[in-house]
Amino acid sequence: MRNQEILNKLSDCINACNYCADACLDEDNVKMMAKCIRTDKVCASVCATLADVLATKHTNVKGLMDYCIQICEECAQECEKHEHQHCKECAKACRDCADACRKYAA
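Reading the values: the criteria
- Residues numbered from 1 in each chain as written.
- Predicted model: local features only at pLDDT ≥ 70, side-chain atom pairs only at ≥ 80, totals over all residues.
- Heavy atoms only, no water.
- Axes fitted to C-alpha atoms, helices over the stretch in contact; angles between N-to-C directions.
- Helix = DSSP H or I, 4+ residues; strand = E, 2+ residues; numbered from the N terminus.
- Left-handed = near helix turned anticlockwise from the far one by under 90°.
- Contact = heavy atoms within 4.5 Å.
- Nonpolar A, V, L, I, M, F, W, Y, C, P; charged D, E, K, R; others polar.
- Salt bridge = Lys/Arg side-chain N within 4 Å of Asp/Glu carboxyl O.
- Buried < 20%, exposed > 50% of the residue type's maximum accessible area, 1.4 Å probe, protein only.
- Expected span 1.5 Å × (residues − 1).

(A) Summary view of the packing of helix α2 (residues 34–54) against helix α4 (residues 85–105). Where α2 contacts α4, the two axes come as close as 12 Å, and the packing angle between them is 35°. Two packed elements cross with a definite hand, and for α2 against α4 that hand is left-handed. On α4, the residues that touch Cys 36, Asp 40, Cys 43, Cys 47, Leu 50 and Leu 54 of α2 are Cys 87, Cys 90, Cys 94, Cys 97, Cys 101 and Tyr 104. Residue composition of the contact of α2 with α4, grouped by class: eleven nonpolar, no polar and one charged.

(B) Inspection of the pattern of salt bridges at higher detail. According to the stated counting rule, one finds nine salt bridges in the structure shown. A salt bridge links Arg 95 to Glu 80, with the nearest nitrogen and oxygen atoms 2.8 Å apart. One end of the pair, Arg 95, is in helix α4; the other, Glu 80, is in the loop between α3 (62–79) and α4, with 15 residues separating them in the sequence. A relative accessible area of 25% means that Arg 95 is categorised as partly exposed. Look at Glu 80 and you get partly exposed, because its relative accessible area is 44%. Here the salt bridges do not stand alone but share partners, grouping Glu 73, Glu 80, Arg 95, Asp 99 and Arg 102 into one network.

(C) Seen up close, α2. Under the 1.5 Å per step criterion, the end-to-end length of α2 is 30 Å for 21 residues, consistent within 8% with the ideal 30 Å. Looking at α2, one finds that the buried residues are Cys 36, Ile 37, Thr 39, Asp 40, Cys 43, Ala 44, Val 46, Cys 47, Leu 50, Ala 51 and Leu 54.

Everything listed is a geometric property; what it means functionally is a separate question.
Rendered as structure tokens:
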């Protein structure tokens, strides 16, 4: 299946973002983590939407793919501001997902 690699990266990103958002809620200074949590949730939602569309044979995905790359990069940048392991892992998953989207779109 041509889409399997990108679907796997999207799934990894969704899982990492959801885990990061939840783990951020357990941090001592949750208020400091608010932007990270919000960005994680948006990123997970966008990746899930793209995965749903790619699971069909619909081909008009350029706009959604571009937005997914953008939000994955934004999420990675936000997570990289924090020293928590869950943020580091989320940033990597987001970067890997953005790279997979670029590769798929090429």
